[in-house]
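For reference, the chains in residue letters:
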Amino acid sequence: MAEESITTTLPTPELTTPEESKPTLEFSARETETAVTTSTPETETTAEKPEVAAPKVTETAVTETAAAQLEVTPEEHQQPKVTETETASTETSQKEEAAEDETTRIPQNLGSFKEESSLLSDLSDSEKKSLNELKHLVREALDNHQFGSVPKPEEDAANAPEEVTIWGVPLLEDDRSDVVLLKFLRARDFKVKDSLTMLKNTIKWRRDFKIDELVDEDLVDDLDKVVFMHGHDREGHPVCYNVYGEFQNKELYSKTFSDEEKRKHFLRTRIQFLERSIRKMDFSSGGVSTIFQINDMKNSPGLGKKELRSATKQAVQLLQDNYPEFVFKQAFINVPWWYLVFYTVIGPFMTPRSKSKLVFAGPSRSAETLFKYISPEQVPVQYGGLSVDPCDCNPDFSLDDPASEVTVKPGTKQTVEIIIYEKCEIVWEIRVIGWEVSYKAEFVPEEKDAYTVVVQKPRKMKPADEPVLTQSFKVNELGKVLLTVDNPTSKKKKLVYRFNVKPL
């Protein structure tokens, strides 16, 4: 769980529900545009609803300790306690639909992979020796102008060594230089001469392609939804999303790939995007200098689009030759059947190390797979998480607000219990991937004879419903908020939630 205070309670037959022990009042919670209504036709009655909240706790009904807790100052703000409880589902599924067995068709993970440490102190003796040998050869190459850079007018070309930088880092005599050189060594299995050759070729390509000028150019494209950076994984790697389904838009596809000039422009924009992203990385010893790359294959045009295939092949070759060891992991999500055919063809030509960086997931397991590597609050809403587009507004939560995950087993009911210790306004976000569950929210006062407040009547949530519900409730007395998800289906569900408390 994201917070240390979270505990998990196993199923217990002695558990009693609030409805069994306390009277109930209905209450309409404030909700955002994505929130649900507080009533459904199945649960509405003709009786007039009370317009008041649950009775406030009187001074005589509250102990001195409880009263003190209600008067907590901001400096003494006490976080709520959270408990997650699993019980048997109270509903029965009317349609038992088995989940698609993608594991028999799609490889999930092609081997274990642990990223090599960027800490110089973690290098083996042989690796340190190779690094020192490469640094020596690079020094000789710089002294003899073997990288081919043009000397500055005021320099004596015969005496002054070359000054060469790559991704904003000098090749030598910088705290970050060793990490850069290690990338070339690892790309060539620590073969020093091969690594130097690769480095020289990369420097030449960057000079011919005018990379340093390209970084500052104002290029125009319509690909902000095709390739974008969003958040970080659990280990701090920046995450890059490639959304191939956007090219189903014929107008966008034509503007990007219809002729050679447009394909060259596409390549330049992608390299500019990559260069700008790389220059934000930490090349210091122990820093994060690799990317977690996610490839969304949903509605991908496939292998039949020769223009896309040609441009992709060219881009991949440039990346392999000139951007060594920048990918921490490659995740392919929403993988269609035809991609397995493609992988079957290229798989035998990949090294075991390259294979071990790959992860595959079909449509029904994409969100669950991403959560293994990326926290839900960092995953965009369209991929099962809680993070909205930076252009949108979410005044209640940010990427820094952690979310919790719970697996709701088939035929069970999961209740998240948030115990409140002070007067406050609590706001929460909740979603179940794919829904097909019932959801309700209640506030149960601590006082024995107080009314239970219905914040959200039980509602059957469908897959087409809004992905994330945002609700809030003003707490004027000690008690607890109960968020209950009832899963009557034969499939396990992933519940994701988070909350913030604002003292009153």
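Rules and cut-offs
Every residue gets a number counted from 1 within its own chain, in the order that chain's sequence is written. Only residues with pLDDT of 70 or above have their local features reported here, since the model is predicted, and side-chain atom pairs are shown and tallied only from 80 upward, although totals for entire chains, interfaces and linings are computed over all residues. Heavy atoms throughout the structure, all of them, feed into the side-chain values; hydrogens and water do not. UniProt positions are given in the numbering used here, feature names are shortened, and annotations may be inferred rather than shown by experiment. Nine residue types can take part in a nonpolar core, namely buried Ala, Val, Leu, Ile, Met, Phe, Trp, Tyr and Cys, and a core is a set of them joined through side-chain atoms within 4.5 Å. The classification of residues rests on relative accessible area computed with a 1.4 Å probe and restricted to protein chains. Under 20% of the type maximum is buried, over 50% is exposed, and intermediate values are partly exposed. Numbering of helices and strands runs from the N terminus, with a helix taken as a DSSP run of H or I at least four residues long and a strand as a DSSP run of E at least two residues long. Contacts between residues were defined by any pair of non-hydrogen atoms, one from each residue, lying within 4.5 Å.

An unreviewed UniProt entry annotates the protein chain as CRAL-TRIO domain-containing protein originating from Brassica campestris. Listed in UniProt under the heading Sequence similarities (unreviewed entry), the comment for the protein chain reads: "Belongs to the patellin family."

A. Focus on the nonpolar core. Counting 52 residues, the largest nonpolar core has Val-138, Phe-147, Trp-167, Phe-247, Phe-283 and Tyr-323 as its most contacted members. Mapped by element, the contributors of at least two residues to this core are helix H3 (125-143), helix H4 (177-187), helix H5 (192-209), helix H6 (211-216), helix H7 (250-257), helix H8 (260-278) and helix H9 (306-322). Those residues within four positions of Tyr-323 in sequence are excluded, and the remaining contacts are Trp-167, Trp-205, Arg-206, Ile-211, Ile-271, Leu-274, Glu-275, Ile-278 and Leu-318. Of all hydrophobic cores here, the second largest spans 29 residues; its members include Ile-430, Val-455, Met-461 and Tyr-497.

B. How the structure looks around unusual backbone geometry. One non-glycine residue, Lys-210, lies in the positive phi region at around 55°. Mapped onto the elements, Lys-210 comes out in the loop between H5 and H6. Positive phi outside glycine occurs at Glu-325, with the angle close to 55°. In this fold, Glu-325 is placed in the loop between H9 and strand S9 (327-333). Given a relative accessible area of 17%, Glu-325 falls into the buried group.

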